[in-house]
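Structure at a glance
Single-letter residue listing:
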Amino acid sequence: MEEEPGRPAAPAEPTPPDDGTPPVESVVAAGHTSPEKATVDEQDREPPDGPVAPDEDAPPAGGPSAPVEEPARPRRRGRTALLIGVATVLGLVAGTCAGVLVQVDREPTKLPPLSQAALAPSTGKAPKPLPADQDRQVRTDGDLRDLLLEKPRGAEELDWMEGFDGWVGLAGYAGTFGNPQEAYEYLLRNEFRRAAVTGWEVGEKYSVEIQLIQYRQEEVLGAAEANAKGQLSAGGNGVGDWSIPGTGDGRAYVYDEPVPGLDASQFPYRAVAHARRGDIAVHIWMSGAERIDNKMILDLAERQMERL
């Protein structure tokens, strides 16, 4: 029988070092793993249910000595504007209260009377009111027909004036224009008040018609506008014009040629005058068988203005 080889001898136990560090084998046998192997095992090991949440107690990557920076808290908006608004309101309330307290302590101010007596001059007596014959407003507020020129001797009334009392209303006066509806609206805007008309005819030489148109003139200067509009329509080529004495802007116009459309009529020539005095506009028309002399229309207009 062959002899069995002998078993190798067990290795001798390592001698621990003198510095007290445990041997590597004793560490492995106790269940500890070397740092190199632990790193490889952690890399090869996969988490069972996804990534593992970081440990809140683990130190930051920079090491235990790296400072931890906390995120800055966002600043609340609108706080400053709210404070300013509150301060403003409080200031207004305080100022109002202070003003009320000051006014309460003061004596009430006496108001002047609503009606006052007539003021007399410093020396002497107050002037007397104007008599009716000198007060223009009193004259024009009366019967407007009394201010018209009287019919001269030997003259006859116009045919259309038979049974006419001399007064013309708004609708009747607007009917004398080419477009009565437009004229009616124009007279309303210009505050038409009333109108007085007269006229006569001297043989077969000429005829005269005079109109006194009075306006209220509360908001519109109707007389001035009527005078300007009459002068604008009267002027033109072949028409001579002259200033009426005693008036600021009154003028008379004489047509050198027969009026178009009136060649076959009894009085084809025309002369007109437009002036104003206060709230009354004066319109004079003369129609003649021959050209009318400018002195005739100027004299007629001047005498009519004197009665106003």
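None of the values given here were measured: they were computed from a predicted structure.

Regarding the overall build of the protein
- A count of helical and extended segments in the protein gives eight helices and eight strands.
- The contacts of the protein with a sequence gap of at least 6 include a subset with a gap of at least 24, amounting to 56%.
- Summed over its atoms, the accessible surface of the protein is roughly 23700 Å², and 53% of this surface lies on carbon and sulfur atoms.

Points about the packing of aromatic side chains
- Scanning the model with the defined rule gives four aromatic pairs in all.
- Between Y173 and F177, the ring centres sit 5.3 Å apart and the planes meet at 90°, which makes this aromatic pair edge-to-face.
- Between the aromatic rings of F192 and Y215, the centroid separation amounts to 6.4 Å while the plane-to-plane angle is 90°, which identifies the pairing as edge-to-face. Of the two residues, F192 sits in strand β3 (residues 192-202) while Y215 sits in strand β4 (residues 206-215), which places them 23 residues apart along the sequence.
- Pairwise contacts between aromatic rings join Y173, F177, F192 and Y215 into one cluster.
- We note K229 situated over the ring of Y186; from NZ or CZ to the ring centre the distance is 3.9 Å.

Examining the side chain of S287
- Residue placement: S287 occurs in strand β8 (residues 280-288).
- A distance of 3.4 Å separates polar atoms of two side chains, one belonging to S287 and the other to R270.
- Setting aside residues no more than four positions away along its own chain, S287 makes contact with K205, Y206, S207, F267, Y269, R270 and I292.

With respect to the confidence of the model for the protein
- With 72% of its residues at a pLDDT of 70 or more, the protein has an overall mean of 79.
- A low-confidence stretch, residues 1-5 (pLDDT under 50), is modelled with zero contacts involving residues beyond four sequence positions or located in other chains.
- Residue range residues 50-54 is modelled with pLDDT below 50. Its contacts to residues more than four positions away, or to other chains, number one contact.

Concerning the environment of E209
- Checked against the element boundaries, E209 lands in strand β4.
- Setting aside residues no more than four positions away along its own chain, E209 makes contact with W160, V197, T198, G199, H283, I284 and W285.
- Engagement of the side chain of E209 in a polar contact is seen with the side chain of Q211, the distance being 3.2 Å.

Looking at a nonpolar patch on the surface
- A surface patch of nonpolar side chains, about 300 Å² in accessible area, is lined by L82, V86 and L90.
- Turning to its location among the elements, L90 is positioned in helix α3 (residues 79-105).

Quick notes on a negative patch on the surface
- On the surface, E156, E157, D159 and E162 cluster together into a negatively charged patch.
- Inspection of the secondary structure assignment puts E162 in the loop between β1 (156-157) and β2 (167-168).
- Here E162 falls in the exposed class, since its relative accessible area comes to 63%.

Side note on helix α6 (residues 180-189)
- Three or more residues of α6 are buried, namely A183, Y186 and L187. Down the axis, α6 shows its buried residues gathered within 95° of arc, on one side only. Residues of α6 that are exposed and point over 90 degrees away from its buried face: Q181, E182 and R189.
- Lining the buried residues of α6 we find α5 (170-174), β3, β4 and α7 (222-234).
- E191 lies just past α6 and shows a positive phi near 60°.

Some thoughts on the environment of D146
- Tracing the backbone shows D146 in the loop between α4 (136-140) and β1.
- Taking the relative accessible area as the measure of exposure, D146 reaches 52% and is therefore exposed.

Details of the side chain of N190
- You can see N190 is positioned in the loop between α6 and β3.
- Residue N190 is classed as buried on the basis of its relative accessible area, which comes to 4%.
- Apart from the residues within four sequence positions on either side, N190 is in contact with Y215, V220, G222 and E225.

Quick look at the pattern of salt bridges
- Within this structure, the stated rule accounts for six salt bridges.
- In this structure, D143 engages R145 in a salt bridge whose closest nitrogen and oxygen atoms are separated by 3.1 Å.
- Among the salt bridges present, the one from R303 reaches D299, with a minimum N-O distance of 3.1 Å. Residue R303 and its partner D299 are both found in helix α8 (residues 294-306); the two are separated by four residues, about one turn of the helix.

Cut-off values and rules
- Once a new chain begins, its residue numbering starts again from 1 and follows that chain's sequence as written.
- Local features in this predicted model are restricted to residues whose pLDDT is 70 or higher, and side-chain atom pairs enter the listing and the counts only when it is 80 or higher, whereas totals over whole chains, interfaces and linings include all residues.
- Side-chain measures here rest on the full set of heavy atoms in the structure, leaving out hydrogens and waters.
- Helical segments are the DSSP runs of H or I of at least four residues, strand segments are the runs of E of at least two, and each set is numbered from the N terminus.
- Two residues form a contact once any of their heavy atoms are found within 4.5 Å.
- Accessible areas in this description were obtained via Shrake-Rupley with a 1.4 Å probe; residue shielding takes into account the shown protein chains only.
- Here the aromatic set is Phe, Tyr and Trp, taking the six-membered ring for Trp, and pairing holds for ring centres within 6.5 Å; pairs whose planes are under 30 degrees apart are stacked, those over 60 apart are edge-to-face, and all others are tilted.
- Each ring is checked for a lysine NZ or an arginine CZ that lies within 6 Å of its centre and within 35 degrees of its normal; such an atom marks a charge sitting over the ring.
- Pairs of N or O atoms within 3.5 Å make up the polar contacts considered here, provided that, within protein, one atom can donate a hydrogen while the other can accept it, and that residues adjacent in sequence are counted only when both atoms are side-chain atoms.
- Confidence of the prediction at every residue is given by pLDDT, a number between 0 and 100.
- Patches here: salt-bridge-free residues with over 30% relative accessible area, like charges joined within 9 Å, nonpolar side chains (Val, Leu, Ile, Met, Phe, Trp, Tyr) joined within 5 Å.
- Salt bridges are identified by distance alone: a Lys or Arg side-chain nitrogen within 4 Å of an Asp or Glu carboxyl oxygen.
- Under this rule, positive means Lys or Arg and negative means Asp or Glu; His and the chain ends count for nothing.
- One atom stands in for each charge, and that atom is NZ of Lys, CZ of Arg, CG of Asp or CD of Glu.
- Relative accessibility thresholds used throughout: buried, under 20% of the residue-type maximum; exposed, over 50%; partly exposed, between the two (1.4 Å probe, protein chains only).
- The arc in question is the one spanned by the directions pointing from the helix axis to the C-beta atoms.

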